[in-house]
Every structure is written in C-alpha cells, then in structure tokens.
Amino acid sequence: MTEAILLVGGKGTRLRPLTVHTPKPMVPAAGVPFLTHQLARARAAGVDHIVLATSYLAEVFEPHFGDGSALGLHLEYVTEKEPLGTGGAIRNVAERLRSGPDEPVLIFNGDILTGLDIRALVGTHESTGADVSLHLTKVTDPRAYGLVPTDDTGRVLAFLEKPQTPEEIVTDQINAGAYVFRRSVIDTIPAGRPVSVERETFPGLLAAGAHLQGMVDSTYWLDLGTPAAFVRGSADLVMGRAPSPAVPGRRGDRLILPTARVASDAKLTGGTVVGEGAFVAEGARVCGSTILPGAVIEPGAVVTDSLIGSRARVGERSVLTGAVVGDGAVVGADNELRDGVRVWCDARIPAGAVRFSSDQ
C-alpha cells in the first residue's frame, strides 16, 4: 500500500463558526490540525504518497504541510474550481496517482476520527479480489446513516438510504468513510461534474455486478461534523481513547502546548487542550474542552465540553457548557452559555448579558 487520497474539500458548515476562517481538517484537535492525525496514521500503515483533494480555503493546506517530508510523506494538492462531491473529487485527482490499474488506492474522508486497522482493510481488499472495499462500523442507532448490509462473506448486498421506519433497519452496519479502490475503478467515475460516491458510484457499481466488499471494524469511530463531536474527539485523542501517533505530548487528563500559560490553581481535566499562547487564569476550571491558540480564560470561569476559538476571551466567573466561541469573540464576565450556543467570530457579549439563572 503506497498511496491514498484524502478528501478535504468540504465547507464544514455544521462546524461554523469554527470553519469561518479555517477549513474543517485544519481545526486543531489535541493540539495539531485534525488532518495531521489522519496523515500520521496513514504513514504508520505504510502509505507514502497522498493526494489532498481540496476546495474550501484550499490555500491553507500547502503552507502548513508543504511537501509532507516532515511527516515522512510525499504530499500533492489538487484544488476543485467548483465543488464536485466525494466521487467527483476522487476522479478529479486521478491523474496524480501512480498506481497500476489493479493496484489499491486508499481513500479517506477528512472528518472521520477512527481507530481503523488500515492494513487489515487493504488486506481484505486484496484477499477477496474486490473492486472496492469499504470500512463498515456498527452503530446502536443507525437511523441517521445510510445502511450497508452484507452477506456471510462480507460482500456488500445493497446501499440503503437513512431508514425512516423500524422495518427499514435491516442492519446496524454503516459506511464509515474509508475505502480501498482498485485503481482502474476510479477512472470509471464521470469526470468534470459533481458525483456522490455514496449515492451514485457505489450503487452504480453494485448494479453493474462489481464486487464491493465490506470489512466491519468496530474500534473507535467518530464523525467530527458537529462542534460537540469535534470537542469530544479532541478530548478522546488526549486521553488515549482514540489512537494517533501525532498527539504532541503524553496521553492524560490534559494537554498544555509549550507556550501556553496555566495558573497554578486552575483545574484542567477530561482531555482539555490549551493551545499555543493561550492563558487559563487563577481559579478557572476547564473540563473536556479545547482552548485554541491565544485564547484567554479569565479568573473563576468554568468551561465544560466547549471549544474556545483563537484569540477569544471568556470573562471572569462566566460558565460555559457545550458552547462554541468563535475566533476573536469576547464573552464578558458573569454570563452563562449552555449546550449548543455558538458565539460568532469577533462578537462581543457584555458582562452579565446572557443567563439561565438568577443573578443573585
């Protein structure tokens, strides 16, 4: 296994305001851009050539990763002029691949945190002679996902849309967003127009009699598409629940980047990350949260399961739970922000302006 495609062109609309200035794969998780974890795991599995299919804020990727040599990789970048969907993006980068027609090409979605055994997926692909192999995972509630039933040998039988009734839930197996394609199959995807690999390419291949193989790997798997999931994924990386060779420090309750400052009596727990140049003041309590570079948590603030953007500020005694504070925003003292609230970039919330309890 020598090469892969990483699909990193999405706008990350469900993650806004985190993705207003930063493409989703470049938002820091456990102290480094999330994409770094994916690249490092691919390299550890023996991949050495990766093509990044970029679109939204495409100019951000290459200045950070360069040619990939620092990670032991050779990276190339292909930018879509217009969004082409997952299948279109794969086809759009095909000319940069070096594999022969029957050789395997690994494909990752850029927003999945997983403990997938990459070598095992490639091994399954090669041993079964499949045209495409898919990583499948089992979920307790599959209603939010497309279902992928397989036979006793793992061969894919169908691709079913999100089930609407209990009778439609025929399996708990879902598409987990990592694939191995026979190189020649990529060339069958229509070029120059949007194509969904999930809705068009895979069902079309199945209807044409192609061999699609599923491999169930139910180790750690998380779609980082929402702010709550992203914060949880970062914490899981810090605590070692999610595997990555790219976490810049020891696994544990907290990760403090080298230029960050934390007061001696501040309490950091639950996989909290304090980014470069950030400051957590005296008496503050931060649990399961990500504090991005340059942010400030003022004295006595309590931040739980939240993400505080770059250069943002959380005022004294403010209590945030399940909140997202955009880059440069300021939450004044004595505010209470609860689950799901999103404070936009550079917004200003005056002291005591938002509360869920009495001010007494």
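The structure this text deals with has already been given above.
Residues numbered from 1 in each chain as written. Predicted model: local features only at pLDDT ≥ 70, side-chain atom pairs only at ≥ 80, totals over all residues. Heavy atoms only, no water.

Caption draft 1: Structural detail: empty space enclosed by the protein. Per the stated rule, a full pass over the model turns up one cavity of 30 Å³ or more. The computed volume of the largest cavity comes to approximately 80 Å³. Considering the residues around the largest cavity, the lining is formed by Phe34, His37, Gln38, Arg41, Phe108, Ile112, Leu113, Thr114 and Ile118. Elements with a contribution of two residues or more to the lining of the largest cavity: helix H1 (34-44) and strand E7 (112-114). When residues of the lining of the largest cavity are assigned to their parent elements, the largest contribution, four residues, is made by H1. Among the residues forming the lining of the largest cavity, the class breakdown is five nonpolar, three polar and one charged. (1 Å grid on protein atoms, 1.4 Å probe; cavity = no way out; pocket = protein on both sides within 12 Å on 5 of 7 lines; lining within 4 Å. Points joined across faces, edges and corners; volume = space filled by probe spheres on them. Helix = DSSP H or I, 4+ residues; strand = E, 2+ residues; numbered from the N terminus. Nonpolar A, V, L, I, M, F, W, Y, C, P; charged D, E, K, R; others polar.)

Caption draft 2: A look at the sheet that holds strand E17 (residues 285-287). The strand order across the open sheet formed by five strands is E14-E17-E20-E23-E26, and the pairing between neighbours is parallel. Both outer strands of the open sheet, strand E14 (267-269) and strand E26 (336-337), are each paired with one neighbouring strand and no more. Relative to E17, E14 runs parallel, the two being bridged by three bridges. Its bridge partner lying in E17, Lys267 is registered against Arg285. (Pairing = 2+ DSSP bridges.)

Caption draft 3: Structural detail: the pattern of salt bridges. Under the defined criterion, the tally for this structure stands at 14 salt bridges. One salt bridge connects Glu298 with Arg313, and the closest N-O pair in it is separated by 2.8 Å. Here Glu298 is found in the loop between strand E19 (296-297) and strand E20 (302-304), whereas its partner Arg313 is found in strand E22 (residues 313-314), with 15 residues between them in sequence. Among the ionic pairs, Glu336 bridges to Arg355, the shortest N-O distance being 2.9 Å. Residue Glu336 is found in strand E26, and its partner Arg355 is found in the segment after strand E28 (348-349); the two are separated by 19 residues along the sequence. The class of Glu336 is buried, set by a relative accessible area of 12%. Connected via shared salt-bridge partners are Asp102, Asp131 and Arg182. (Salt bridge = Lys/Arg side-chain N within 4 Å of Asp/Glu carboxyl O. Buried < 20%, exposed > 50% of the residue type's maximum accessible area, 1.4 Å probe, protein only.)

Caption draft 4: Layout of the layout of surface pockets. Put simply, the largest pocket is a space of about 1,400 Å³. For the largest pocket, the lining is made up of 46 residues, of which Thr86, Asn109, Asp111, Glu198 and Arg199 are closest to its centre. Secondary structure elements with two or more residues in the lining of the largest pocket: helix H3 (85-92), strand E9 (173-182), helix H6 (197-207) and strand E11 (221-223). Residue classes in the lining of the largest pocket are distributed as 22 nonpolar, 14 polar and 10 charged. The calculated volume of the second largest pocket comes to roughly 170 Å³.

Caption draft 5: Just the pairing of strand E4 (residues 49-54), in detail. For E4, a buried count of six out of six residues is recorded, marking the element as mostly surrounded by other parts of the structure. Residues His49, Val51 and Ala53 line one face of E4 and the alternating positions Ile50, Leu52 and Thr54 line the opposite face, and both faces are buried. Where E4 and strand E5 (residues 74-79) come together, six bridges link them in parallel fashion. Residue pairing across strands places His49 opposite His74, the latter belonging to E5.

Caption draft 6: Representation of the environment of Glu80 within the structure. Mapped onto the elements, Glu80 comes out in the loop between E5 and H3. A C-alpha to C-alpha distance of 6.3 Å links Glu80 and Thr54, two positions 26 residues apart in sequence. At 2.9 Å, the side chain of Glu80 and the backbone nitrogen of Leu84 are in polar contact. (Polar contact = N/O pair within 3.5 Å; in protein donor to acceptor, adjacent residues only side chain to side chain.)

Caption draft 7: Spatial organisation of the packing of aromatic side chains. A complete count under the given rule lists five aromatic pairs for this structure. Between the aromatic rings of Phe159 and Phe202, the centroid separation amounts to 5.5 Å while the plane-to-plane angle is 20°, which identifies the pairing as stacked. Here Phe159 is found in the loop between strand E8 (132-138) and E9, whereas its partner Phe202 is found in helix H6, with 43 residues between them in sequence. As far as burial versus exposure is concerned, Phe159 and Phe202 are alike and both buried. The ring of Phe279 has Arg261 lying over it, and the distance from NZ or CZ to the ring centre is 4.4 Å. (Phe/Tyr/Trp six-rings, centres within 6.5 Å; stacked < 30°, edge-to-face > 60°. Lys NZ or Arg CZ within 6 Å of the ring centre and 35° of its normal.)

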